[in-house]
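What the coordinates show
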Amino acid sequence: MFTAKCAMQNIRNVAIVGSGQMGSGIAQVTASSGFNVMLADVNKKALDRAMKAISQSVTHLSKKQKGTDKEKSDFVTLTMSRIKTCNNVSTAVADADLIIEAAIENIDLKRGIFAQIEQSCKKDSILTTNTSSFLLEDVAKGLQDKTRFGGLHFFNPVPVMKLLEVIRSDDTSDETYATLIKFGTAVGKTTVACKDSPGFIVNRLLIPYFFEAARMYERGDASMTDIDEAMKLGAGHPMGPFELADYIGLDTVKFVMDGWAAKYPEVQLFEASPLVDKLVAEGKLGRKTGDGFYSYKK
Ligand code: NAD
């Protein structure tokens, strides 16, 4: 953790576009692994929030590391010194070897960002998206060179979650893909490979699993708390499906499932849940609003 891992020759400067929950986490692990980070967002307040959150998280993590107080404080100082911020995406990506897009999950917005990035970045920069639910080929539709485009799907919270799904489309070159795998390892993640497909590995299994749990509850087969308890004690999951959906956000799981249902009407697993629709319509989105399947108001 304390040693910089810049062994890769072709990636030194990383631009991250979008400084929300994911972008700030990705910036943190990238900087603490020795890369120079340019964190970009159109919202200046989001950038300020991100830098504050990163500083707190790095300080917290440094306390868990072995070593002297000086080593711990040097780690925080060095990590923070590697992160610069910018509220102009074109300027932010100009010098980047690798660009990771982590803006909101909106296909038109992502396409617009990539059009802007391709106009402003170096000819050999690698472009990636952290999308959770879109196909790479849909995000990359307007790109002129799709060989340098791939997917880096991090998990939330990024500094804690060890997995990185590295996605390739039919157009992604072998060199781009190998570089992305190397980058993932360099930032301390365990990488898994997946083709361009809805939800990649984790979400393709997790989202239908959650909706199946909702249908089980809707049919009256079992109570919510018993379904959660059963999956924790019987399957060894740290959270039951309803607890997990409340954690992720019911609007997010509904958004993903609605998108897949519209794009793949023939896949039976991609079916909406009237209960989820109702909770979202009522603004009960899970932990973030204080109510979802469970209440968190206390
Ligand atoms: P978020 O809402 O926390 O942050 C998104 C950020 O993008 C905001 O700060 C916003 O100001 C910024 N933004 C909007 N338009 C922009 C633009 N044109 N240029 C630059 N920045 C812009 O969202 P998040 O949860 O960090 O998710 C980001 C991406 O990561 C999404 O594609 C999401 O699907 C994916 N993802 C999310 C999770 C998760 O658990 N939250 C997990 C894996 C992947």
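Below is a summary of the structure that appears in this document. Bear in mind that the values here come from a model prediction, so they are computed numbers and not experimental data.

1. Observations regarding the nonpolar core
Within the largest apolar cluster, 33 residues are counted, with the highest numbers of intra-cluster contacts made by Leu98, Ile100, Leu152, Phe154 and Phe183. Top contributing element to this core by residue count: helix H1 (residues 21–32), with five residues. Not counting chain neighbours up to four residues away, the residues in contact with Leu98 comprise Ile11, Asn13, Val14, Ala15, Ile126, Thr128, Leu152, Leu180 and Phe183.

2. A closer look at the pattern of salt bridges
What the rule picks out here adds up to 18 salt bridges. The shortest N-O distance in the salt bridge between Asp174 and Arg168 comes to 2.8 Å. A relative accessible area of 57% means that Asp174 is categorised as exposed. Residue Arg168 is classed as partly exposed on the basis of its relative accessible area of 24%. The partner of Glu243 in a salt bridge is Lys232, with the nearest N and O atoms 3.0 Å apart. One end of the pair, Glu243, is in helix H10 (residues 241–248); the other, Lys232, is in helix H9 (residues 224–235), with eleven residues separating them in the sequence. The exposure class assigned to Glu243 is partly exposed, which follows from its relative accessible area of 22%.

3. Here's the deal with the packing of aromatic side chains
Counted according to the given criterion, the structure contains ten aromatic pairs. Plain terms: the ring middles of Tyr264 and Phe270 are 5.9 Å apart, the flat faces sit at 65° to each other, and that makes the pair edge-to-face. In this structure Tyr264 comes out as buried when scored by relative accessible area, which is 15%. Given the relative accessible area of 4%, Phe270 is considered buried. Through pairs of rings, three or more aromatic residues link up here, namely Phe210, Phe211, Tyr217, Phe242 and Phe293. The ring of Tyr177 is capped by Arg168, whose NZ or CZ atom sits 4.8 Å from the centre of that ring.

About the thresholds
Residues numbered from 1 in each chain as written. Predicted model: local features only at pLDDT ≥ 70, side-chain atom pairs only at ≥ 80, totals over all residues. Heavy atoms only, no water. Core = buried A, V, L, I, M, F, W, Y, C linked by side-chain atoms within 4.5 Å. Buried < 20%, exposed > 50% of the residue type's maximum accessible area, 1.4 Å probe, protein only. Helix = DSSP H or I, 4+ residues; strand = E, 2+ residues; numbered from the N terminus. Contact = heavy atoms within 4.5 Å. Salt bridge = Lys/Arg side-chain N within 4 Å of Asp/Glu carboxyl O. Phe/Tyr/Trp six-rings, centres within 6.5 Å; stacked < 30°, edge-to-face > 60°. Lys NZ or Arg CZ within 6 Å of the ring centre and 35° of its normal.

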